[in-house]
Number of protein chains: 2
Amino acid sequence: MNIEIKRHSLSHIMAQAIKEMYPNVKMAIGPNIENWFYYDFDFGSEEIKEENLKELEKKMKKIISQNQKFEQYDLDFDEALSYLKEKNEDYKVEMAMELKEKWINKISFYKNIMQNWNISYIDMCSGPHVENSNKLDSNAYKLDKIAWAYWKWDSNNKMLTRIYWLAFDTREELDNHIKLLEEAKKRDHRVLWKKLKLFTFSDKVWLGLPLWLPAGWMLWKQVEDFWKETHEKAWYDFVRTPHIGNKILWETSGHWGFYADSMYPPMEVWQSLEEAKVWEKAKESETFLLKPMNCPFHVEIYNDEPKSYRDFPLRWAESGTVYRFEKKWQLNWLTRVRGFTQDDAHIICRLDQVEDELKKVVNFILYIFESFWFDKNKIKVYLSLRDPNNKEKYSWNDEWWDFTQSVLEKVAKEMKLDYIAEEWEAAFYWPKLDFKIKDVLGREWQCSTLQFDFNLPNRFDMTFTNSNWEQERPYMLHRALFWSFERFLWLLIENYAWVFPLWLAPKQVIIIPVWENFMDYADKVYNKLKENWIRVSLDSSADSLNKKVRNAEKMHINYILVVWEQEEKDNSVSVRNYKTKEQIVEKVDNFINKVKIEVVEKKL
Amino acid sequence: MNIEIKRHSLSHIMAQAIKEMYPNVKMAIGPNIENWFYYDFDFGSEEIKEENLKELEKKMKKIISQNQKFEQYDLDFDEALSYLKEKNEDYKVEMAMELKEKWINKISFYKNIMQNWNISYIDMCSGPHVENSNKLDSNAYKLDKIAWAYWKWDSNNKMLTRIYWLAFDTREELDNHIKLLEEAKKRDHRVLWKKLKLFTFSDKVWLGLPLWLPAGWMLWKQVEDFWKETHEKAWYDFVRTPHIGNKILWETSGHWGFYADSMYPPMEVWQSLEEAKVWEKAKESETFLLKPMNCPFHVEIYNDEPKSYRDFPLRWAESGTVYRFEKKWQLNWLTRVRGFTQDDAHIICRLDQVEDELKKVVNFILYIFESFWFDKNKIKVYLSLRDPNNKEKYSWNDEWWDFTQSVLEKVAKEMKLDYIAEEWEAAFYWPKLDFKIKDVLGREWQCSTLQFDFNLPNRFDMTFTNSNWEQERPYMLHRALFWSFERFLWLLIENYAWVFPLWLAPKQVIIIPVWENFMDYADKVYNKLKENWIRVSLDSSADSLNKKVRNAEKMHINYILVVWEQEEKDNSVSVRNYKTKEQIVEKVDNFINKVKIEVVEKKL
């Protein structure tokens with residue numbers, strides 16, 4: 001049975017237990033989220049405390065053991081409303097009104113029926129639920145936390161009490177998940193960013209728009225330099241395009257038609273009223289849109305000059321920052337932001353080059369995962385194909401679909417990708433290969449993608465002159481390896497739990513003089529390291545040696561160099577390796593060489 | 001006498017000559033621009049041809065020799081209007097109406113009076129003019145070109161004939177200027193961009209928003225890498241901030257008050273009507289603005305955490321793309337765009353660090369100019385000070401003004417800058433040092449700037465804890481070295497006339513096999529160069545050797561390597577140096593080493 005159904009049923013049991021303990025509580029909503037379920041309650045003047053939770057848990061067990069039956073029934077809108085009003089369920093009344101607005105007149109309820117046919121609980125709910133409460137395992141759920149949330153996420157509304165529970169099919173799964181959570185906490189980029197000063201948010205700049213601090217910038221730079229280097233080696237060229245484009249561009253690309261909901265609204269600049277008056281004409285305007293994608297700009301670059309069959313393959317990469325309007329409550333730190341930088345590239349080529357180009361991209365993707373030491377078992381590959389039962393929904397020509405799908409599948413097979421084929425019926429998706437990475441909690445995140453596009457070449461009438469001097473349409477591939485720098489950096493932060501490999505570490509070395517007398521020597525070492533482009537800092541504070549070392553360790557800096565009398569005499573440093581905890585004394589030049597090798601070899 | 005007055009007077013003489021030749025011509029406007037003056041005319045069904053220009057010039061000489069007197073007089077609006085209508089001067093009527101809109105009721109005219117007291121010409125004009133036409137030198141002007149322009153730049157209006165003239169005080173100055181123009185033509189980035197495929201514009205992306213092509217991107221990268229490297233050496237940190245910020249940010253900074261005219265309009269995202277209905281509340285919105293400056297973001301980073309006196313100096317750099325709405329007709333290729341990337345940095349420090357920080361920045365600026373081989377005589381330094389007669393306009397405290405102005409002047413003197421002090425009374429300028437570069441036409445372009453800011457620290461209440469545990473306001477400096485990457489790249493393109501120094505060249509080397517048989521060897525050389533990160537391409541076309549060499553020279557590629565039988569035997573290449581035209585044969589390894597040295601040494 002679907003675990004979601006169990007979680008949903010458990011939330012009714014939890015609400016029933018709460019109602020027994022606090023009869024005046026008003027119920028708000030109780031959905032599932034990922035591995036949890038929660039329920040929001042308005043406790044009014046009452047309060048639920050830690051000590052009450054044990055009791056709550058006990059009551060839930062009892063309810064489950066009563067083997068209550070879950071039974072669905074419908075009420076007409078008016079009946080439903082008067083029932084909910086009678087019960088003072090203000091929030092449910094509001095939700096019922098909402099359904100009415102959507103012209104829903106039959107409203108679904110669930111009642112829990114005891115063995116003695118008494119009704120123990122009623123909730124407005126569309127289900128589905130388990131049949132009987134004995135389908136639920138009393139040992140496979142656990143209170144996670146109590147939190148607070150505004151009704152409908154709106155700070156003008158009342159603050160409600162939210163109770164979160166973890167729930168699984170079996171006790172074993174629950175225990176495993178709790179272990180994962182503990183691990184995740186250590187790695188959580190939301191904890192690490194503050195501690196390590198990677199990025200921040202500002203309530204004036206606004207939600208979903210991260211500001212990258214010096215350490216975060218440096219991490220980003222290492223990844224971006226690597227990205228440029230590898231793309232140059234892979235024979236890509238680079239372009240740079242603006243963050244806004246005229247509305248004409250987005251109308252031509254079609255985004256203004258099918259993607260406008262995710263775009264920021266247009267910026268329309270009108271001539272001044274004065275200007276318009278003088279010319280006695282209707283005012284004129286220029287309208288701009290913030291870009292949610294880089295693609296149409298690359299197409300315009302393509303169309304800038306006529307192309308010939310000898311110009312292919314074109315591979316144009318851009319680390320282009322795009323803006324998409326996500327709703328407030330969908331935002332989530334670096335994983336879901338409103339502005340992000342895609343490591344975009346478009347490959348434009350002839351039919352006879354498609355297979356080779358696809359293989360090159362797949363190899364490139366695998367190379368990237370390997371370079372950052374991602375566990376291969378954490379990567380899942382999906383091949384997206386059109387729904388064969390709904391072919392008529394795809395207005396494009398069959399031949400194109402058949403070729404692109406079969407060549408993708410051929411490449412996936414020949415390259416021995418362990419892929420899952422999925423059929424779908426989306427309006428603006430194309431045949432594609434997606435590479436997803438699982439995070440510490442087992443959630444999958446879209447990372448690399450490789451997709452065909454028939455839309456833009458057609459809409460912008462992209463052509464080239466073939467060897468017979470005829471105009472032909474080229475093939476166009478979109479691909480991103482990281483998906484976005486923001487998301488990839490977040491995956492890296494959590495993947496390494498901030499013990500970054502040396503080549504990525506924002507700060508690689510810190511020098512700590514035992515006391516002031518050795519400041520001159522510390523300075524000398526510092527300058528020498530800096531000359532060698534090692535990212536080093538110097539702790540010149542008045543703190544004790546122990547405190548300085550503790551501070552450095554708190555920042556997870558790879559190498560801590562302590563300098564004292566003997567070190568000054570020998571032109572050496574005491575090196576403490578943060579990862580191995582190993583401690584050795586060595587010549588400064590030796591240390592520099594080792595660091596350089598570690599960086600070049602991109603050791604983990 | 002001011003040359004502008006002479007040019008303006010010449011435009012009346014030109015119009016007078018035109019009117020003699022074409023009595024039905026309607027006059028539009030005739031302003032000065034830089035070293036030119038022009039006049040727009042509506043020739044109706046007539047046309048001015050090349051052969052008519054000689055006659056026009058002759059007539060102008062004659063008018064000048066008549067020693068006509070320029071005399072100003074005013075007319076009431078109604079009188080002026082009926083005079084202009086009678087003369088069928090439709091465009092002047094329109095302009096008079098415009099003045100009326102601005103509540104101007106007395107309208108200024110100029111008449112030209114001959115020795116015999118006859119009036120030879122009348123024009124609506126606010127002057128000033130020379131007293132007599134014999135103040136003008138008949139040899140110091142020259143027709144530059146005939147062009148076409150829409151009345152008021154609006155393509156819905158009539159196309160007018162525009163006649164451009166060059167005019168100077170003396171014949172010598174005119175000749176010198178013509179020489180400069182010829183030189184400039186060779187260097188013009190508007191010519192070079194197309195030839196060398198550096199950047200382009202698209203009529204769908206829109207005006208003022210350049211798209212950087214692969215070669216332009218590569219040039220940009222070299223400059224940006226240099227920028228990062230030098231800033232790292234100069235102890236700067238880097239940050240990265242979004243391109244939009246909530247309106248709250250721009251209200252706090254004051255930009256929304258005094259800078260809104262140059263900003264793109266707000267993007268206001270409303271809750272959907274449905275959402276608002278459900279909550280039975282006024283709809284809520286979030287409002288965003290595209291950034292015209294990076295400063296407020298850096299201030300928010302400053303305010304993210306409390307600061308202490310020991311944290312200073314902070315130096316935060318960002319290559320941040322900003323967007324400013326320039327009117328259509330103000331746009332001019334790369335010199336005036338609507339989106340550009342500033343090489344911004346903010347220095348935040350204590351009072352006792354200000355002088356030292358200023359000196360460091362001045363040194364940094366001089367180092368930049370030197371690194372790019374800018375002629376020192378082309379750089380002009382301006383020190384901006386407040387107008388001492390209008391002190392009350394500066395709402396900020398006198399002490400701050402006195403200190404910042406005197407420390408800037410002290411630094412300029414101690415560093416022996418040959419500066420010009422300027423007093424002004426602007427609303428949002430601060431004491432500053434500007435470094436301007438003269439282009440080939442002698443026009444000055446703002447490049448580096450170093451300015452104090454009192455506004456943002458106050459508006460955002462920036463503070464730090466000083467050594468007495470009191471809260472204190474830090475000093476804030478804005479500085480840009482290039483001004484923007486776009487403008488600086490343009491200056492570089494014109495400065496080097498595209499014979500880029502090797503370290504900057506988008507393409508450094510091209511390999512040309514004499515014929516197909518040598519393609520394998522050419523490939524080998526190519527791969528070896530690429531492994532050494534030399535920016536190389538390979539001409540594998542079927543063109544003749546001569547054509548391939550010509551093509552390479554057209555692209556100004558620094559080194560052309562020809563490979564043939566002997567070269568393959570010797571593992572060598574025939575190297576042709578584009579700049580020196582020198583031609584030698586050398587071993588591939590030798591060539592690679594020389595290139596590497598030339599790049600590292602940043603030789604011109």
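Not measured: the values here are computed from a predicted model. (Residues numbered from 1 in each chain as written. Chains lettered and ligands numbered in written order. Predicted model: local features only at pLDDT ≥ 70, side-chain atom pairs only at ≥ 80, totals over all residues. Heavy atoms only, no water.)

### Details of the packing of helix H7 (residues 214-233) of chain A against helix H7 (residues 214-233) of chain B
When two helices pack together, their arrangement is given by the angle between the helix axes and the distance between those axes. Between H7(A) and H7(B), the shortest axis-to-axis distance is 14 Å and the interhelical angle comes to 145°. When you trace H7(A) past H7(B), the crossing you get is left-handed. Of the residues in H7(B), those touching H7(A) at A:Trp217, A:Met218, A:Lys221, A:Lys228 and A:Glu232 are B:Trp217, B:Met218, B:Lys221, B:Lys228 and B:Glu232. Of the residues contributing to the contact of H7(A) with H7(B), the split by class is 4 nonpolar, no polar and 6 charged. (Axes fitted to C-alpha atoms, helices over the stretch in contact; angles between N-to-C directions. Helix = DSSP H or I, 4+ residues; strand = E, 2+ residues; numbered from the N terminus. Left-handed = near helix turned anticlockwise from the far one by under 90°. Contact = heavy atoms within 4.5 Å. Nonpolar A, V, L, I, M, F, W, Y, C, P; charged D, E, K, R; others polar.)

### Quick notes on the sheet that holds strand E5 (residues 106-113) of chain B
Residue and element names in this part refer to chain B. One open sheet holds the 3 strands; their spatial order is E4-E5-E6, and the pairing between them is antiparallel. Edge positions in the sheet fall to strand E4 (69-76) and strand E6 (119-124), since each has one partner strand and no second. For this sheet the average axis-to-axis angle between neighbouring strands, irrespective of direction, equals 25°. Two elements, E4 and E5, share 8 bridges in a ladder whose sense is antiparallel. Bridge assignment links Tyr73 to a residue of E5, and that residue is Phe109. Contacting E4, E5 and E6, helix H1 (residues 3-21) runs over the sheet at an angle of about 120° to E6. (Pairing = 2+ DSSP bridges.)

### Quick notes on the environment of B:Val499
All names here are of chain B. Locating Val499 in the fold gives a position in the loop between helix H15 (485-496) and strand E24 (509-513). As for Val499 and Phe488, which are separated by 11 residues in sequence, their C-alpha atoms are 16 Å apart. Not counting chain neighbours up to four residues away, the residues in contact with Val499 comprise His556, Tyr578 and Lys579.

### Re the pattern of salt bridges
Opposite charge on two side chains lets them pair, provided their charged atoms get close. Applying the stated rule across the entire model yields 68 salt bridges over all chains. The partner of B:Glu355 in a salt bridge is B:Lys359, and the shortest N-O contact between them spans 3.1 Å. Of this pair, B:Glu355 and B:Lys359 both sit in helix H12 (residues 354-371), 4 residues apart, which is roughly one turn of that helix. Residue classification places B:Lys359 among the partly exposed residues on the basis of a relative accessible area of 22%. For B:Asp398, the salt bridge identified is with B:Arg386, shortest N-O distance 3.1 Å. A residue pair is termed long-range when its members are at least 10 positions apart, and B:Asp398 in helix H13 (residues 398-414) and B:Arg386 in strand E17 (residues 379-386) qualify at 12 residues. Classification of B:Asp398 as partly exposed rests on a relative accessible area of 41%. Look at B:Arg386 and you get buried, because its relative accessible area is 4%. The structure contains a network of salt bridges with shared partners spanning A:Glu355, A:Lys359, A:Lys410 and A:Glu414. (Salt bridge = Lys/Arg side-chain N within 4 Å of Asp/Glu carboxyl O. Buried < 20%, exposed > 50% of the residue type's maximum accessible area, 1.4 Å probe, protein only.)

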